[in-house]
Amino acid sequence: MSQNLFLQTGDPDILAMKRGGIYLSFFGLPFLLAGIFVLQIPFDIVPVHLEERPIILALMLPLGFVFAIAGAALVFGRSGVTINRRDRTLVRWWGFLVPMKRTEYSIDIFEHVLLDIHAGDRHSGDTCIIHLVGSGHPYPFYIPSPADYEGARRTAEQLSRFLDIPLEDRVAAKQADTD
């Protein structure tokens, strides 16, 4: 059973969602370690005796960098959205262990919460998506959400209640049209 992604903080006027952390770190750690290991081969820190040394160097350096960078992004990368009703702001941030870049929006530009479905292809199923939509914002503001309808619906309702703006559920409307 999925849960809401937004967590009520100690302040009743602040709602926060964070991504990254322990589970992604465990997933990214093997990539980071493999990348570091592969980067050591061309410099003979890890001895590998092959006759085609220049080819190994040409292949191992880019491969090691790709794995190390991908692993480091998964291990240390964090992102999130913080909504503050008191200041009337929505902040999207990302960084490595701590927020490094933040973009701030006024929540007054958003008019409703949109719950929609993104059709999958033959390899993946349909997923639910949540957007904040408003005429004061040139494009819908994507909110990370659970892929299943029930979890996405709970998150959209929580966001709608917190911001005191209406919820437009296109998933339910599409399901009613097909019935």
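Scroll up to find the structure this text is about.
Keep in mind that what you see is a predicted model, and the values were worked out from it rather than measured. (Residues numbered from 1 in each chain as written. Predicted model: local features only at pLDDT ≥ 70, side-chain atom pairs only at ≥ 80, totals over all residues. Heavy atoms only, no water.)

Once that is clear, we can look at the pattern of salt bridges. According to the stated counting rule, one finds 9 salt bridges in the structure shown. Among the salt bridges present, the one from Arg86 reaches Asp13, with a minimum N-O distance of 3.6 Å. You can see Arg86 sitting in the loop between strand E3 (77-84) and strand E4 (89-96) and its partner Asp13 sitting in the loop between strand E1 (7-8) and strand E2 (14-20), a full 73 residues away along the chain. Across the pair Asp169 and Arg153 runs a salt bridge, and its minimum N-O distance is 2.5 Å. One end of the pair, Asp169, is in strand E9 (residues 167-169); the other, Arg153, is in helix H3 (residues 149-163), with 16 residues separating them in the sequence. For Asp169, a relative accessible area of 12% translates into the label buried. Classification of Arg153 as partly exposed rests on a relative accessible area of 25%. (Salt bridge = Lys/Arg side-chain N within 4 Å of Asp/Glu carboxyl O. Helix = DSSP H or I, 4+ residues; strand = E, 2+ residues; numbered from the N terminus. Buried < 20%, exposed > 50% of the residue type's maximum accessible area, 1.4 Å probe, protein only.)

Looking now at the side chain of His112. Its location among the elements puts His112 in strand E6 (residues 112-118). Given the relative accessible area of 18%, His112 is considered buried. Ignoring sequence-local partners within four residues, the contact set of His112 consists of His131, Leu132, Val133, Ile165, Pro166 and Glu168. (Contact = heavy atoms within 4.5 Å.)

Let us look at the nonpolar core. If you look at the biggest cluster of nonpolar residues, it comprises 23 residues, and the most contacted ones within it are Phe6, Ile83, Leu90, Leu132, Leu159 and Leu163. Elements that contribute at least two residues to this core include exactly E2, E3, E6, strand E7 (127-133), strand E8 (141-143) and H3. Ranked by the residues each element gives to this core, the list is headed by H3, at 5 residues. Sequence-distant contacts of Leu90, defined by excluding residues within four places in its chain, comprise Val81, Thr82, Ile83, Thr103, Glu104, Tyr105, Ile107, Phe110, Leu132 and Phe141. (Core = buried A, V, L, I, M, F, W, Y, C linked by side-chain atoms within 4.5 Å.)

The next thing to look at is the packing of aromatic side chains. Scanning the model with the defined rule gives 5 aromatic pairs in all. On the basis of an interplanar angle of 55° and a centroid distance of 5.5 Å, the ring pair of Phe27 and Phe31 is categorised as tilted. Pair noted here: Phe27 and Phe31 are both in helix H1 (residues 22-40), with a separation of 4 residues, about one helical turn. By relative accessible area, which is 49% here, Phe27 ends up partly exposed. By the ring-pair criterion, three or more aromatic residues cluster together here, those being Phe27, Phe31 and Phe67. For Arg92, the ring lying beneath its charged end belongs to Phe141, and the centroid distance is 4.0 Å. (Phe/Tyr/Trp six-rings, centres within 6.5 Å; stacked < 30°, edge-to-face > 60°. Lys NZ or Arg CZ within 6 Å of the ring centre and 35° of its normal.)

A word on H1. Between its terminal C-alpha atoms H1 stretches 27 Å, which fits the 27 Å expected from 19 residues at 1.5 Å a residue. Within H1, the axis deviates most sharply at Gly28, by approximately 35°, and proline Pro30 lies no more than four positions further along. Among the residues of H1, those classed as buried are Ser25, Gly28, Leu32, Gly35, Val38 and Leu39. (Expected span 1.5 Å × (residues − 1). Bend = angle between axes of the 7 residues up to and from the residue.)

Let's shift gears to the pairing of strand E5 (residues 98-106). By the bridge criterion, 8 bridges tie E4 to E5 in an arrangement that is antiparallel. In the sheet register, Val91 faces E5, and the bridge partner there is Glu104. A loop of 1 residue connects E4 with E5, the two strands running antiparallel in sequence, and Leu97 in this loop sits at a positive phi of about 70°. (Pairing = 2+ DSSP bridges.)

Another aspect to go through is the pairing of E7. Judged by how many residues are buried, E7 sits mostly within the fold: 5 of 7 residues are covered. Direction of pairing for E7 relative to E8: antiparallel, over a ladder of 3 bridges. Residue pairing in the sheet places Leu132 in a bridge with Phe141 of E8.

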